[in-house]
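# Fold and geometry: a report
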Amino acid sequence: MNDLPMLNYDVVVIGGGPAGMAAAVRAKELGLKVLLLDDNDYLGGILPQCIHPGFGLHYFKEELTGPEFAARFAKRLVELGVDYRTAARVLEIKNYSDLEKVVVFSSPSGAYQVWTKTIIYAAGARERHAFEIGIVGDRGAGIYTAGEAQTLMDIYGVMLGKEIVIVGSGDVGLIMARRFALEGAKVKAVIELMPYPGGLARNIMILRDFDIPLYLSHKVVEVRGKERVERVKIVKVDENLREIPGTEFWIEADTLIISAGLVPSVKLLTAIGVEIDPTTGGPVVNDLFETSVPGIFAAGNSVIINDLVDYVAEQGELAAEGAKLFIDNEGIPTRRWIKLEKGENVRLLVPHYLSGERDVWIYARVSKPMENVEVRFPEIGKKLRLPVVKPAEMLRMKLRKEEIAKARDGITMEVVPL
Amino acid sequence: MKTKVAIIGAGISGASIARVLSRYENLEVHLIEKAPDVGWGVSKANTALIHGGYDDDPKKYPMRAKLCIRGNRLWHQWVKELEIPHVWNGALIVATKEEDFDELEKLLERGRENGVPEMRIVDKEELFHLEPNLTKEAIGALWVPIVGQIGPIPAVIAIVENAVANGVKTHLETEVTGIKVENGEVKGVETKNGFIEADIVINAAGLYADEIARMAGIDYFEIHPRKGEYFLFDEGIPGPRRVLFPTPTPISKGIVVTTEISGHLMIGPNAQDLPPEEKENLATTREGLEQVWEGAKKLWPQLPPRSKVIRTFAGLRPEPTGGDFIIKAEEEVWGFINVAGIRSPGLTSAPAIAYEVAEIIRHDLGIELVEKRKWNPYRKEITHFFMLSPAQINEVVKRDPAYGKVICRCNRVSEGDVLEAIERMKFIGVKTPSVDSVKFRTKATTGTCQGSFCRPRIIQLLAREYGVGPWEVTLKGKGSEVGIGDVKVLFRGEDA
């Protein structure tokens, strides 16, 4: 360690995607000395490969593409003079003490140790791949995760195939279905395990626009083709997601795209014992997105898989405010933490702990779609009516500090039919 | 005048033979392989074990019994000379029923006969001391300390690099179509890339050794594939410290539970016999994988959930007529040496097989072997970023900044590692850029995310270094190109 060049910062932001850039910008605006590290050659995380529109409606009040959204933040970052390094990979985080952390990173100019008061961890997520979802058969070319396909097509300019089958009707899968169709490929099917589609309503429209068949309650079980994918075996499942014998059929295709969901990237956090919520896959956080290790904050898809980049950026800013508060007070000042619990039809929920000293955005996902529902927080008597809830669409709602303060112990969130 | 030797098949056997023969001044050695890279046949997918030499009955399978233990001892030296990733962690053959001890006693006896004195039977208490998380059903085990594990393809690569450094010529993507025999003597090998003259032809063609032998007019054996399937789990899942076998049955050594050298828990294989024509059938099956899961659970009850599986794969073992290795100079065709049916424990036996072949050349073909004055036994392992301390990173970065740039997140592989891999691919004659070639040299793409982040970057580096479009880069050789053209190829209406 002592033979490594030493740097000193107030905040080290790990990850240069929307959460990380927003965090770095906000922290700099708050007067902190910030270093942002990213292992890509460019800033923006996955945004530069998301060449479709739909970004920034909440944040910038206009519709941007991913690269445009990233460019706005990158410009701001540079204007503010935030220190950043690309092609820089964090190798280790050490929790030296509650008030000092060490980040060791490697880059083309070598390895460094960074001493910092706080860390904002915004490393994003990874995609689930074919082996994780139990697909058997051959392992030739033509099997890609949706994000990998997107990188290859939209950053590297490679056309992957002609006849495409997509596993999963989440947003990335649907957007890639459109991308393939626009470039002249035939998208033969989107296969969805659940009885309802997984993407945002605006993305489900893609299926109709491009005449792409959607198979709900189906799964891909096998892929064949020695050098390259030739055909894909599909089977229908019942309401318990069990395969129904005799319903198997094959679709000829040269490309199989896996869009089976994202998993927060938390390896560096778990290595230092940060508590992980098994349902989100990300760290347990309080209302400033601080993890269970004091002074280590997290934001964006490494905490919870978001469907809108605007929420990701918002979480980054919140974490930066948390870092500022932490540095000013040598810790997050609070008298008590109120646990936010999941009730009926709530699958995921952050933050996990609320102080009642500030207003809080709650981000949640339901387990199953429902119409005409009420979102209730019974302990504090708060109720909200919604016409429809879907697992694909994140619920975001504000709890005011006065409301939170009413709770004696915990607060439960439940989504119940009216 | 030099004696020209053509070795067919650059798997673990062919490569080892090439290395051993590269030692001799008066041999000109050609290593012929139909795949784009070395080690992609039988050597590619197996349990990666250096067996203990105790389970092959010398009466039934004399070659296997003799070469396995000799191979094990040789590997202890070869892994050091060639810097091959390895671990000597020992094996436990676990008894769960009283009658299993009869079988273990038999193995112990056979081991002693075969020259493995260091084995012994351990009781329940010592067993759980050696392996605390073993099934509670276990009542004792045979402990074989000399068992180890290596990276099988890294081993083939290391051996071939060393052989090439010592003068061996490789011919990759060179499929053999015939063996030229005149007046009962071999004259050379016909290939899709032309004729390669040879005085000695060594048939180390793995699953295809029977077909190659038939090209020389030798048809007394047949090879059929036996498929084995495997699960590999994500890192961080606790696995056993030693290689765990169930007590074997007359048919099979059973499903192994082990922590492979990269630290991942691995289980497998089952055994499914396929007809001789299915030598390319590497598809995993649900039935096979289910067998493996059930089998492994008996030894290691705390298997992680299926969502922690990062890869399933299948390998094929070449099962010969008769079951024993076929290693001999064929009398009716002078100069034709079969190294066929190298099924398990083939990986273990490979170095011993190579010396056996050298001995056959000397003794049976009567060719005096003249040692080179300067033969280099050493080969340096590729730089692995994940093995460097941060201070060492700063050293290598001075040499080339690419070594500081991590491109595979899960396994910490740097761009420098990948560029070095590409350089080494070119050194041994790899003509078609493939992601697998980089994967086997660097471990990139084999971690938790299975390459979804780093594969595009590797494709780009391969495209640049080989001077081709990224869509022309292959996953594993011709026919597995990653794309069909540039992104507008279909849009323009050109059918790629």
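Residues numbered from 1 in each chain as written. Chains lettered and ligands numbered in written order. Predicted model: local features only at pLDDT ≥ 70, side-chain atom pairs only at ≥ 80, totals over all residues. Heavy atoms only, no water.

Chain B has the name Anaerobic glycerol 3-phosphate dehydrogenase in an unreviewed UniProt entry, where Thermococcus onnurineus is given as its organism.

As named in an unreviewed UniProt entry, chain A is NADH oxidase, taken from Thermococcus onnurineus.

## A look at the interface of chain A and chain B
It is common to report an interface's size as the accessible area lost on association of the parts. In this complex, chain A contributes 58 residues to the contact, which on the side of chain B involves 61 residues. Looking only at chain A, the three residues that lose the most surface to chain B are Phe131(A), Arg139(A) and Tyr156(A), adding up to 14% of its buried area. Our count for the chain A to chain B interface comes out at seven salt bridges. The closest approach of N and O atoms between Arg409(B) and Asp39(A), which form a salt bridge, is 3.1 Å. (Contact = heavy atoms within 4.5 Å. Buried area = accessible area lost by both parts, 1.4 Å probe. Salt bridge = Lys/Arg side-chain N within 4 Å of Asp/Glu carboxyl O.)

## A look at the UniProt feature "domain: FAD/NAD(P)-binding" (unreviewed entry) in chain A
Here, UniProt's "domain: FAD/NAD(P)-binding" (unreviewed entry) annotation points to residues 9–302 of chain A. A helix fraction of 21% and a strand fraction of 33% characterise residues 9–302 of chain A, whose end C-alpha atoms lie 22 Å from each other. (UniProt positions renumbered as here; feature names shortened; annotations may be inferred. Helix = DSSP H or I, 4+ residues; strand = E, 2+ residues; numbered from the N terminus.)

## Observations regarding the sheet that holds strand β11 (residues 185–191) of chain B
Residue and element names in this part refer to chain B. If you trace the three strands from one edge of the open sheet to the other, you get β10-β11-β12, paired in antiparallel fashion. At either end of the open sheet lies a strand with only one pairing partner, and these are β10 (176–182) and β12 (194–197). Neighbour to neighbour, the strand axes of the sheet diverge by 25° on average, direction disregarded. Pairing of β10 with β11 involves six bridges; the strand directions are antiparallel. Bridge pairing in β11 places Gly178 opposite Glu190. (Pairing = 2+ DSSP bridges. Axes fitted to C-alpha atoms, helices over the stretch in contact; angles between N-to-C directions.)

## Brief notes about the pattern of salt bridges
For the structure on display, the rule yields 72 salt bridges over all chains. The salt bridge involving Lys279(B) is made with Glu211(B); its shortest N-O contact spans 3.6 Å. Of this pair, Lys279(B) sits in the loop between β18 (272–273) and α7 (286–299) while Glu211(B) is found in helix α6 (residues 209–215), placing the two residues 68 residues apart along the sequence. Using a relative accessible area of 5% as the deciding quantity, one classes Lys279(B) as buried. Take Glu211(B): its relative accessible area is 34%, and that puts it in the partly exposed class. The structure contains a network of salt bridges with shared partners spanning Arg26(A), Glu29(A), Lys75(A), Arg76(A), Glu79(A) and Glu321(A). (Buried < 20%, exposed > 50% of the residue type's maximum accessible area, 1.4 Å probe, protein only.)

## Describing the domain arrangement of chain A
All names here are of chain A. What the domain assignment reports for chain A is domain 1 (1–127 + 261–333), domain 2 (129–260) and domain 3 (336–417). Contacts between the two partners involve five residues from domain 2 and, on the opposite side, seven residues from domain 3. Among the residues of domain 2 in contact with domain 3, Tyr196, Leu200 and Ala201 are the three that bury the most area, contributing 74% of the side total. Where domain 2 packs against domain 3, one counts zero salt bridges. (Domains from an automatic or database assignment.)

## Let's talk about helix α4 (residues 171–182) of chain A
Residue and element names in this part refer to chain A. Here α4 contains twelve residues, and its C-alpha end-to-end distance of 16 Å stays within 8% of the 16 Å for a straight helix at 1.5 Å per residue. The element α4 is extensively covered by neighbouring structure, given that nine of its twelve residues are classed as buried. For α4, the full list of buried residues reads Asp171, Gly173, Leu174, Ile175, Met176, Ala177, Arg178, Arg179 and Phe180. Check the buried side of α4 and you find it contacts α3 (146–154), β12 (158–159), β13 (163–167), β14 (186–191), α5 (201–209) and β19 (255–258). Within two residues after α4, Gly184 carries a phi angle of roughly 100°, on the positive side. (Expected span 1.5 Å × (residues − 1).)

## A closer look at the environment of Trp375(B)
Residues and elements named next belong to chain B. Along the chain, Trp375 falls in the loop between α8 (346–363) and α9 (390–399). Owing to a relative accessible area of 16%, Trp375 belongs among the buried residues under this scheme. Placed 213 residues apart in sequence, Trp375 and Asn162 show a C-alpha to C-alpha distance of 9.9 Å. Not counting chain neighbours up to four residues away, the residues in contact with Trp375 comprise Arg19, Ser22, Arg23, Asn162 and Asn166. A distance of 2.9 Å separates the side chain of Trp375 from the side chain of Ser22, its partner in a polar contact. (Polar contact = N/O pair within 3.5 Å; in protein donor to acceptor, adjacent residues only side chain to side chain.)

## Some details on the UniProt feature "domain: BFD-like [2Fe-2S]-binding" (unreviewed entry) in chain B
UniProt tags residues 406–463 of chain B as "domain: BFD-like [2Fe-2S]-binding" (unreviewed entry). As annotated, residues 406–463 of chain B has a helix share of 52% and a strand share of 9%, and its two end C-alpha atoms lie 19 Å apart.

## What to know about the environment of Glu280(B)
As for its placement among the helices and strands, Glu280(B) is situated in the loop between β18 and α7. Setting aside residues up to four positions removed in sequence, Glu280(B) forms contacts with Lys226(A), Lys34(B), Tyr208(B) and Leu316(B).

## What to know about the nonpolar core
Among the nonpolar cores identified, the biggest contains 109 residues, and Trp75(B) and Ile202(B) are the most heavily contacted of them. In this structure, Trp75(B) is in contact with Ile12(B), Ile50(B), Ile84(B), Trp88(B), Ile150(B), Ala155(B), Ile159(B), Leu347(B), Thr348(B), Ala350(B) and Pro351(B), ignoring residues within four places of it in sequence. The next biggest cluster of nonpolar side chains, apart from the first, holds 70 residues, and it includes Ala22(A), Leu64(A), Val303(A) and Ala320(A). (Core = buried A, V, L, I, M, F, W, Y, C linked by side-chain atoms within 4.5 Å.)

## What to know about the sheet that holds strand β21 (residues 336–340) of chain B
All names here are of chain B. Pairing in this open sheet of six strands is mixed, and the strands run β9-β2-β1-β13-β21-β20 from one edge to the other. Looking at strand neighbours, the two that pair on one side only are β9 (169–171) and β20 (326–329), the edges of this open sheet. Direction aside, the axes of adjacent strands within the sheet are offset by 15° on average. Where strand β2 (residues 27–32) meets β9, three bridges bridge the pair, whose relative direction is parallel. Bridged to Ile32 within β9 is His171. Packing against the sheet, helix α1 (residues 12–21) makes contact with β1 (3–8), β2, β13 (200–203) and β21, and its axis sits at approximately 165° to β2. In the packing of α8 onto the sheet, the strands contacted are β13, β20 and β21, and the crossing angle to β20 comes to about 20°.

## A short note on the UniProt feature "domain: FAD dependent oxidoreductase" (unreviewed entry) in chain B
With numbering matched to this structure, UniProt assigns "domain: FAD dependent oxidoreductase" (unreviewed entry) to residues 4–359 of chain B. Across residues 4–359 of chain B, helical content stands at 28% and strand content at 29%; the span's end C-alpha atoms are separated by 16 Å.

## Structural notes on the packing of α3(A) against helix α12 (residues 455–466) of chain B
Here α3(A) crosses α12(B) at 30°, and the two axes come no closer than 9 Å. With respect to α12(B), the element α3(A) is oriented roughly parallel. Facing α3(A), whose interface residues are Glu148(A), Thr151(A) and Leu152(A), α12(B) presents Arg455(B), Pro456(B) and Ile459(B). Grouping the amino acids of the contact of α3(A) with α12(B) by side-chain chemistry returns three nonpolar, one polar and two charged. (Parallel < 35°, antiparallel > 145°, perpendicular 65-115°, else oblique. Nonpolar A, V, L, I, M, F, W, Y, C, P; charged D, E, K, R; others polar.)

## A look at unusual backbone geometry
Cis geometry marks the peptide bond from Val350(A) to Pro351(A); its omega dihedral reads -5°. Inspection of the secondary structure assignment puts Pro351(A) in the loop between β23 (348–350) and β24 (353–354). Note that the residue after Ser344(B), namely Pro345(B), is joined by a cis bond; omega there is 0°. Within the fold, Pro345(B) resides in the loop between β21 and α8. In this structure, Ala87(A) takes a positive phi of about 55° despite not being glycine. On the secondary structure map, Ala87(A) appears in the loop between β5 (83–85) and β6 (89–97). Of note in the backbone geometry, Glu173(B) takes a positive phi value of approximately 50° without being a glycine.

## Quick word on the side chain of Arg226(B)
Residues and elements named next belong to chain B. Looking at the secondary structure, you find Arg226 in strand β14 (residues 223–233). Arg226 gets classed as buried once you look at its relative accessible area, which sits at 17%. For Arg226, the side chain forms a polar contact with the side chain of Asp273, separated by 2.7 Å. Once residues within four sequence positions are removed from consideration, Arg226 is found in contact with Ala271, Gln272, Asp273, Gly315, Leu316, Arg317, Glu319 and Arg343.

## Some details on helix α3 (residues 100–114) of chain B
All names here are of chain B. For α3, with 15 residues, the first-to-last C-alpha span of 21 Å sits near the 21 Å given by 1.5 Å per residue. Those residues of α3 that fall on the buried side of the exposure criterion are Asp100, Phe101, Leu104, Leu107, Leu108, Arg110, Gly111 and Asn114. Here the buried face of α3 lies against α2 (62–81), β5 (91–95), β6 (120–123) and β7 (140–144).

## So, the packing of α1(B) against α8(B)
Residue and element names in this part refer to chain B. Interhelical geometry of α1 versus α8 gives an angle of 45° and a closest axis separation of 8 Å. Comparing the axis directions of α1 and α8 gives the class oblique. As α1 runs across α8, the sense of the crossing is right-handed. Of α8, the residues touching α1 (which contributes Ile12, Ser13, Ser16, Ile17, Val20 and Leu21) are Gly346, Leu347, Ala350, Pro351, Ile353, Ala354, Tyr355, Val357, Ala358 and Ile361. Partitioned by chemical class, the residues of the contact of α1 with α8 number 13 nonpolar, three polar and no charged. (Left-handed = near helix turned anticlockwise from the far one by under 90°.)

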